[in-house]
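# A structural walkthrough
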Amino acid sequence: QVQLVESGGGLVQPGGSLRLSCLASGITFSTYDMSWYRQAPGKERELVAVITSTGSSTNYADSVKGRFTISRDNAKNTVYLQMNSPKPEDTAVYYCYAKKIRWGYDKLDYWGQGTQVTVSS
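Right, let's walk through the structure included here. In this text the structure is predicted, and so the values were computed from the model without any measurement. (Residues numbered from 1 in each chain as written. Predicted model: local features only at pLDDT ≥ 70, side-chain atom pairs only at ≥ 80, totals over all residues. Heavy atoms only, no water.)

### Some details on the state of the cysteines
A covalent bond between the sulfur atoms of two cysteines is referred to as a disulfide. Which entries qualify depends on this criterion: In this description, the term disulfide denotes a pair of cysteine sulfurs within 2.5 Å. Going along the chain from the N terminus, every DSSP run of H or I of four or more residues is numbered as a helix, and every run of E of two or more is numbered as a strand. For each residue, the accessible area found with a 1.4 Å probe, counting protein chains only, is set against the maximum for its type, and the residue is called buried under 20%, exposed over 50%, and partly exposed in between.
Here the structure, examined in full by the defined rule, presents one disulfide. A disulfide bridge connects cysteine 22 with cysteine 96, and the sulfur atoms are separated by 2.1 Å. Handedness of the cysteine 22-cysteine 96 disulfide follows from its S-S torsion of about -80 degrees: it is left-handed. Of the two residues, cysteine 22 is situated in strand 3 (residues 17-25) and cysteine 96 in strand 9 (residues 92-102); the sequence distance between them amounts to 74 residues. Residues cysteine 22 and cysteine 96 agree in their burial class; the two are buried.

Okay, structure coming up:
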């Protein structure tokens, strides 16, 4: 049974910091690319950041570049999102996402249940 369990969400003041964690179980974590998505009320889910299976490469949405950092610890089956200098527009439910492609065409992917992040003074 695959589980992605996010934690670390909550209320944070603008300009503060917050670290989200996502603990994976039931998968060979080190073979999956990992991502953070977010969804604000009334908006579509959007990609925030992605990290490759080895951690050698990362990519970010323009809106969070320079403020957020994605990282992973394959020994702990955990991916992180460090959120620095958050803004009110970063308020959303944040989701962890695991994906890999087998044999060039077979996609395996899983979602976490989400964790609420609210940026407000």
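Having seen it, we continue.
### So, the packing of aromatic side chains
Filter applied, for reference: Pairing of aromatic side chains requires ring centres within 6.5 Å, counting the rings of Phe and Tyr and the six-membered ring of Trp. Pairs whose planes differ by under 30 degrees are stacked, by over 60 edge-to-face, and all others tilted.
The final tally for this structure, using the stated rule, is six aromatic pairs. Pairing tyrosine 32 with tyrosine 110 gives two aromatic rings, centres 6.2 Å apart and planes at 50 degrees, and the pair type is tilted. Taken as a pair, tyrosine 32 in the loop between strand 3 and strand 4 (33-39) and tyrosine 110 in strand 10 (residues 106-111) lie far apart in primary sequence, 78 residues in all. Residue class for tyrosine 32 comes out buried when judged on its relative accessible area of 4%. For tyrosine 110, a relative accessible area of 26% translates into the label partly exposed. A ring pair is formed by tyrosine 37 and tyrosine 97, whose centres lie 5.6 Å apart and whose planes are at 85 degrees; its orientation type is edge-to-face.

### Let's talk about the pattern of salt bridges
Definition in use: Each reported salt bridge corresponds to a side-chain nitrogen of Lys or Arg within 4 Å of a carboxyl oxygen of Asp or Glu.
Scanning all chains against the criterion turns up six salt bridges. The salt bridge involving arginine 67 is made with aspartate 90; its shortest N-O contact spans 2.8 Å. In this pair, arginine 67 is assigned in the loop between strand 6 (58-60) and strand 7 (68-73) and aspartate 90 in the loop between strand 8 (78-84) and strand 9, connecting sequence segments 23 residues apart. With a closest N to O distance of 3.8 Å, aspartate 109 and lysine 107 form a salt bridge. Overall, lysine 107 belongs to the partly exposed group, its relative accessible area being 45%. Several salt bridges converge on common partners, so that one network encompasses Arg38, Glu46, Arg67 and Asp90.

### Description of the sheet that holds strand 3
Put simply, the rule is: Here, a strand pair is defined by DSSP locating no fewer than two bridges between the strands. For helices, the axis comes from a line fit to the C-alpha atoms of the stretch in contact; other axes are also lines fit to C-alpha atoms, and the angle between any two N-to-C directions lies between 0 and 180 degrees.
Overall, antiparallel pairing links the four strands, which are arranged 1-3-8-7 in an open sheet. The two strands at the open ends of the sheet, each matched to only one other strand, are strand 1 (3-7) and strand 7. Averaged over all neighbouring strand pairs, the angle between strand axes comes to 15 degrees, with direction disregarded. The sheet contact formed by strand 7 and strand 8 spans six bridges and is antiparallel. The partner of isoleucine 70 across the bridge, within strand 8, is leucine 81.

### Re the environment of tyrosine 95
Its location among the elements puts tyrosine 95 in strand 9. Tyrosine 95 sits 90 residues away from valine 5 along the chain, and the two C-alpha atoms are 9.2 Å apart.

### Looking at the nonpolar core
Stated formally: To define a nonpolar core, start from buried Ala, Val, Leu, Ile, Met, Phe, Trp, Tyr and Cys residues and group those joined through side-chain atoms within 4.5 Å.
Of all hydrophobic cores here, the largest spans 30 residues; its most connected members are Met34, Trp36, Val79, Leu81 and Tyr94. Contributing elements (two or more residues each) for this core: strand 3, strand 4, strand 5 (46-51), strand 7, strand 8, strand 9 and strand 11 (115-119).

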